[in-house]
Every structure is written in structure tokens, then in C-alpha cells.
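# Structural features, examined
Chain by chain, the residues:
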Amino acid sequence: MMETASATRIHWLKDVDRHVESLHQLGGKAMGLNQLQRWGLNVPGGFVILNAQLGSYPEELADYYQQLGAGNVAVRSSALGEDGADSSFAGQYESILNVCGLQALQEAIDACIQSLDSQRASAYQQKNNIQGTQMNVVVQNMVDARAAGVMFTVDPVSGRHDRQVIDAVEGLGEALVSGEATPDHYEFDLDGRLIFSELVNDSAILTESQCLEMVLQARQASIKANQPLDLEWAIDQQGQLFWLQARPITTIGSDLNELDTPIKPGDVVTRCNVGEMMPGASCPLTFSTTGRCIEDGMQQMHVSYAGRKSVTDEWTQIAMSHGKLFINLSGSIAAAANVLGVDAKSMGYSLCGSVVEELKEPPKRPWWIRLMGTFKMLRYLQRADTVIENFRKKAAEFELPTSGSSVDIANRLDQSLPFYSEAMAVHLQSSTTSGVASNILQSMISGGQESTPAQQAEAAKLMAGASGVESAVLVEQLDAIVDQIAENDRDAQFFINATPEEAVAWLNASHSTAAADYQAFLQRHGHRGYRELCMREACWADTPQQLIATMQASVAARLGGAKQSSKPTAIDPNTLSRGIRWILAKAHNAIRRREATKSLLVDIANRFKRSYRALGEQLAAEGKLDDADQVFFFTHRELMAFVNGDSDIQLWNSKTKDRRTALAFQNRLEFDEICVGRPAPIDIRLRSHAHDGEIIGRPVSSGVVEAPARVAFSVSEAAALQPGEILVAPITDVGWTPYFSSISGLITDVGSSVSHGAVIAREYGLPAIVNTRIATQRIKTGDRIRLNADTGVVTLL
């Protein structure tokens, strides 16, 4: 029989789902426990009081308590919204352990209800815009715990969904959650293999079989819940495993490997080259446009001269892993089977600057086929200038809409995407001429042998002599503007002290030569910017603040006496051999061509950026997206289906936000320069010790901050905190919560990823490192420190 949500009722946890219209009426803790039991996991016996009222207890309370054994019980809050997908309410409400006797039980129930209106809970509700919270109370048999702790079905610190994490302490788990005890820490892969562990003492708290049992059961629960879970557990004195709580992980995004492309076990992949072009992780829209266009362009090259039959939807040249783009060298080296002069050594130098020992060449085709392939490649290179000029004419007439209905904008984008692929193919053809010329030059200098560092430096010096290179012109023009601003002390002082927005307004309104040159600079280079082939990154012309900030630093440096780097002395061509003079001229021309087509490619990419951004704004205006930025977290095909009404709006609003959260985690991952098979992120914790002036701890909430430290051993000492300081404390509990809104980071001596401080730091977005053991001893109030919660290192500056 279903009940109204306002009635006070009592039910056994195992079947309470039969008595409510929605499981959400149970509150997060009771709902999680009910689900765990329905999934077949072992949960201590207990009941839940729905809509508990202060001083008023269900008539059946004494009977339920007797049936439970009338012994020690745990009394825990299960308020509506607590332990939910949006807010964790970690530590905001009361939990009372080892309650014995009916009167003590009633008092504990009242304490849970009263905590609903506590100062800390009210502040948390106000911060998260939560109103009208109802308190339910869970009562369960106490577990006589030999060990207890938490289990994450994904890593909440790295965001990796291919990791499962266990933290364990001896005895009750409250010491872990409160931060009073440092746990044994274990990390497992999805196959249950131990990947990393950190023990407090010489012997582990958990046995291998206990860990494996936990990993398997938690994985099964996560699959049934269809979301990552944060689980509390305890093992009793007889070795029996009990699950005490299950809640969604509130600060995690989508799977970091969601959009990974297939990579064969023996494939050699690298971040070289593509990592310079696309530093950091790529949003899904960039992956499906820029990434796909690079793949198509490289396939088209192989169609032109390397024996590939056609361009397909396969991923053979570009790979995506953990949100980052890689070049698949094994796919690229396939050309060596069909072309003379293409080999693993030259490819390694072209893309990675050195020989890639892991890269193996494919079996060679007959010599006459490779000779024919070489002639095709030479023709491909020879036609580059004509291809570029023809494309430049088409590009001059190419336009994309930045207004109109979402359907109209999307249709034009979809129809025009092949033009982006063509722009990429043109640039790759241009880049290939540059790569071939530079390889020949390097080979001539080294006499056909493997180059020494000195010979590589000599080739670089020769290549640096090219004039009229677009990227160099950009720097020269920007330096000239900086010099003009720095010449006038009054203008310079205003410029460096202004906000970027004020500096932009000044340059737009000023009649100075510097302002005029700045406008001319934007006219020529305004389409450029940071991560300029990323669809989400706006160009300088659209968001000049980043460019202005760079200029302000340069002007300040000029005023401080800094000198510009001098250009290298030009090499007298008469001192070079005739052969090197000939190839050097070709190489310089190829560099100019490559940089010109790169600028053209970025210009085309920028037109797509503006149109996609306009599409996002229109979708938000039409009420289909919560914010315009979400447009970048669809793949192109997903976006087209969404605009045309083929997708669930609520589902995709949630999914794109999860992907946006995941991007921040993906950005922090680093990889070896060369990877064989599926790339594995570098685990920096494997280093053996810290350098002088460094303190190592466990990162629990990512980010990097530099600020003065405030060491506080108690809440009363924390009252001296100044805004922006980094709080350094032995531990923090719920009493410290009000200070989290004013600090810039958190460091504690002990703790874990589920300590109160860690949980709240993640929700506030504060960088945090715990378990340093000695931070309060080594750091003094006022010390300037760098807290790097991406690496777990605190540096005393």
C-alpha cells in the first residue's frame, strides 16, 4: 500500500520500496541501503522512519527495535536530497553510533531531526539552493567492525572510471570519514588487479581476498545502479563483509574513455606534433571535427601516393584516448610499404624529432610498386602550390551563418564540414613538402647517418633563417606594438595596471599609433589564438583578454629593463655547399608555405567555431540547452541528431555537463611521448622521494594555487584566516566548513579522499592535499607556498 509523503511511518529497509510512490521519498541513505539489499548485497538489518518528527515516535518503534535485537544500533539521517546525485550533504547531519536502549534510541532520533536546522546544514542548504528538506531516520544494527572504510567504483581524484579505490582503517569507519585516521589506500583496475597501494603500517589491514570480494561486489552494484558509487563498508570480527551506505559520487564526470577510438595492442601512438597543436584534452566537438579532419586528410595523402584505396570512416591515423589526440604512427608507417624513401627513421624525425625505436616497418611491396609510389609522392608535392592557390580562392568566398534558427545553422554546418576536411588536407600537403625538405637538409648535414645533437642544432640554425614566415611576422608585429606602448610612461603605467577589459577599451578608443597597429594586427591575425583548432577556444578577435594579458606582461617587462631576444645572425650562404644552398632555399620556401596554410586552416576553423558557438547560443535561447557552452560537448553527429529532434533533451543536457566535468580531469593526465597499445596515464606517485622544500601528500581535490599559508590547529585559530590564504591544519571537520568559502586551498596532516575536508573542498572547487603528515610542522603562517593538487606536492616558496 502506497503512503502519502507527509505521514510519519516506519518500515523495514528491505521492503520499504513497496510502501512509497518513489524511492526518492526515502532520502539518499535509506534508498541506497534498500537498493543494496535488492541487489543481493549484505546489509545490516534495520528500519527507516519516514518524515520523522521531533518528540513524536511511531507507535511500532519499540516493537521494531525489539525485533532488531534491542542491542547496539546506529541511528543515521536520511534526509531528502542527502547523498544524492547533486549534493552529498557530507557531514551536515547527525549520525549517532552504539545507541542502546529505547530511550537512548528516541534521543538519537531527535538529534538527527534537530540537525536538519543546524547552522552548518542551513548554510549548506542555502549555498545549494535546497528548500523544504524532510528528515527520515535510519536505524540499523551496529557492526562490531574489525575494519571499515569506503569504496569508490571510480577514482574521485583522477576521474578515471577504469579505477576502483578502497580506503580502510581498523575498527569503525568514523575515524576515516572525520579525518582523524589515515587509511590504507588501494587502487584496482576493472579486472581486479591491484595497481597501487599505500599502507599506514608494515602489514595491510585487508587481505587480498577481502579486497577482491569488495571490488567484485562494488562493481556489480555500480553496474546495476548505472552510475559510479561511493560505498561505505565494514568487516566484522568473523570476517563477514557488510555494506553500510551507497550514494552517487557527486563530483565526477562521464567516463574519461567514453569516446576512445580503437587502438590495436601493437600500435605505436604519440602525442608528438598533435600534442603541440592540441595541448590538453579535446572537447567532443573538436575531436569529431578537427580530429576527424586530420584523420581524413592523412588518409587522403595515402590515397594520393601510398596505395590506400579510399578514405573511410576508420581511425587509422589519429587515435583518441582519455580525451587526448594521438598520432597513430603504425597507421602512418603503412606508406613505407608502397613508397621508396619513407621509413620509420625519417618518420620518427619528422613527427617526434628522433628515432622511434618501437616503430616497425611493414613488409615492402615489390621495388617497381614502390618506385611508382615515389613518383606519385613527388607529383603530390609538386602540385602543392597549385592546390593551395585554388583552395585560397574558394576560402575567400566561404561563409558560415552566425544567426538564424538552430536547424538552419546546423544544416549549413553539416553541409560545410567537408570543406574543413579539405582545408586540413591542403595544409597537410603543404606540411609534407616542409617535412621532406627539412629531412633532406638534415640528412645532408649528417652525411646520411643518424644526426648528433650538434648536427641537429646546425640544421635548426639554418632553418631559422627563413624570412616572411607568418608566425614570425605575428610576433614581430606584436613586439612592435608593445614597444610603442612602453615608450610613453603614462600610457604604459595605465596599460599594465588596467584590467584586460579596460586595456582593450583603451586600445579601441585611443588614437595612438599603437592602437592603430593593434587594430591592424587583429585584422591580420585576429583569427589566431590559444588552442586555435579547438572549437571551444575563441580567437583573439573575439576574446582579446588573453592576448592583452600577454601584452601587459610584456610592457611591464620592458619597463623593468627586460630586453627583447635578438634575432640569430644570418648565415652567409657562400659558406655553404651548393647542394645545401639549393635544398635550404626549398626548405625555407616550404616553411613559409606551411605557416601560410596553417594560418588559412585556422581561419577556416575559426569560421566553424563562430558558427558552432552561435548554434549553442540559439539552442539555449530555444530552451533546448541550459547554456550555450554545452554545444561543444556533443560530437558533430550527436549534435545534428539533437538539433533535428532525434534525441532526449533532458538526457543530453545531463550528458554534456558530465562530459564537461570529465574534460577537467582529462586535462590533468599526462602520457609518455611514445606509447605502445592503449596509452596509460603517467602515475607521478611512483617517484621515490621529494626534493628539499617539498612536502608530499595525497591530492584529493585538483588544482594549483600559490598563496600565503595560515596554519591553524583549532577552529578558533582559523578565525584569523584572511581571504585567499591556504589553510594548513591537522584535520578539519564540519566545524571548519564556514571557512571554506574564503580560503584558496587546503592542506592537512592526516586524512583521505573521503575526509570531510576532502569532500567539501571538491564541492567548493578548492585545491586540497591531505595526509602530508608534517605540513603543520614544516609550514608557518605567512609562508608563501604552492599547493599543486594535480601532483600532490606542496612547495615552500
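The preceding data block contains the structure.
Bear in mind that the values here come from a model prediction, so they are computed numbers and not experimental data.

Unusually for a residue other than glycine, Asn 51 sits at a positive phi of about 55 degrees. Within the fold, Asn 51 resides in the loop between strand E2 (46-50) and helix H2 (61-67). The exposure class of Asn 51 is buried, given its relative accessible area of 12%. Phi is positive for Arg 531, close to 45 degrees, though the residue is something other than glycine. When you line up the elements, Arg 531 lands in the loop between helix H18 (513-525) and helix H19 (545-559). Residue class for Arg 531 comes out buried when judged on its relative accessible area of 10%.

Attention now moves to the sheet that holds strand E13 (residues 318-321). Ordered in space as E13-E14-E12-E15, the four strands form an open sheet in which the pairing is antiparallel. Each edge of the sheet is formed by a strand with only one pairing partner; in this case those strands are E13 and strand E15 (674-676). Mean inter-strand twist for the sheet, computed between neighbouring axes without regard to direction, equals 40 degrees. Where strand E12 (residues 268-270) meets E15, three bridges bridge the pair, whose relative direction is antiparallel.

This brings us to the environment of Pro 418. Secondary-structure assignment places Pro 418 in helix H13 (residues 406-446). Residue class for Pro 418 comes out exposed when judged on its relative accessible area of 53%. Spatially, the C-alpha atom of Pro 418 lies 9.7 Å from that of Thr 289, the residues being 129 residues apart in sequence.

This part covers the packing of aromatic side chains. A complete count under the given rule lists 16 aromatic pairs for this structure. Their ring planes at 80 degrees and their centres at 5.9 Å tell us that Trp 12 and Phe 47 sit as a pair that is edge-to-face. In this pair, Trp 12 is assigned in strand E1 (residues 9-12) and Phe 47 in strand E2, connecting sequence segments 35 residues apart. Like Trp 12, the residue Phe 47 is buried in the burial classification.

This brings us to helix H17 (residues 500-509). Every buried residue of H17 is accounted for by Ala 503, Val 504, Trp 506 and Leu 507. Projected onto a plane normal to the axis of H17, the buried residues spread over an arc of 160 degrees and lie on a single side. Each element contacted by the buried residues of H17 is listed here: helix H15 (470-487), helix H16 (489-497), H18 and H19.

If you look at soluble globular proteins, the nonpolar side chains tend to sit buried side by side. In terms of nonpolar packing, the biggest core is built from 74 residues, with Leu 329, Tyr 420, Ile 604, Phe 608, Tyr 612, Leu 615 and Leu 639 touching the most fellow members. Membership of the second largest hydrophobic core comes to 35 residues, among which are Leu 41, Ala 147, Tyr 186 and Ile 205.

Glancing now at the pairing of strand E20 (residues 745-748). Burial of E20 is two-sided: the residues Gly 745 and Ile 747 facing one way and the residues Leu 746 and Thr 748 facing the other way are all buried. As defined by bridge partners, strand E19 (residues 726-729) adjoins E20 across four bridges and the pair is classed as parallel. The residue bridging Val 728 from the neighbouring strand is Ile 747, located in E20. When E20 meets strand E21 (residues 768-770), the two strands line up parallel, connected through two bridges.

The next thing to look at is the pattern of salt bridges. For the coordinates displayed, the defined rule picks out 32 salt bridges. Between Arg 678 and Asp 260 there is a salt bridge; the shortest N-O distance is 4.0 Å. With Arg 678 in the loop between E15 and strand E16 (694-696) and Asp 260 in the loop between strand E11 (241-248) and E12, this residue pair connects regions lying 418 residues apart in the sequence. Given the relative accessible area of 46%, Arg 678 is considered partly exposed.

Here six strands make up an open sheet; going across it, the order is E9-E8-E7-E6-E10-E11 and the pairing antiparallel. Edge strands, defined here as strands with exactly one partner in the open sheet, are strand E9 (194-198) and E11. Across the sheet, the axes of successive neighbouring strands diverge by a mean angle of 15 degrees, strand direction being ignored. One ladder, built from seven bridges, connects strand E10 (residues 229-236) with E11; its direction is antiparallel. Within E11, the residue paired with Ile 235 across the bridge is Leu 241. The strands touched by helix H1 (residues 28-38) are E10 and E11; relative to E11, the strand with the most contacts, the crossing angle is about 125 degrees. The strands touched by helix H6 (residues 208-225) within the sheet are strand E6 (145-152), strand E7 (164-170), strand E8 (184-188), E10 and E11, with E10 carrying the most contacts at an inclination of about 145 degrees.

Rules of the game
Residues numbered from 1 in each chain as written. Predicted model: local features only at pLDDT ≥ 70, side-chain atom pairs only at ≥ 80, totals over all residues. Heavy atoms only, no water. Helix = DSSP H or I, 4+ residues; strand = E, 2+ residues; numbered from the N terminus. Buried < 20%, exposed > 50% of the residue type's maximum accessible area, 1.4 Å probe, protein only. Pairing = 2+ DSSP bridges. Axes fitted to C-alpha atoms, helices over the stretch in contact; angles between N-to-C directions. Phe/Tyr/Trp six-rings, centres within 6.5 Å; stacked < 30°, edge-to-face > 60°. Arc of directions from axis to C-beta. Contact = heavy atoms within 4.5 Å. Core = buried A, V, L, I, M, F, W, Y, C linked by side-chain atoms within 4.5 Å. Salt bridge = Lys/Arg side-chain N within 4 Å of Asp/Glu carboxyl O.

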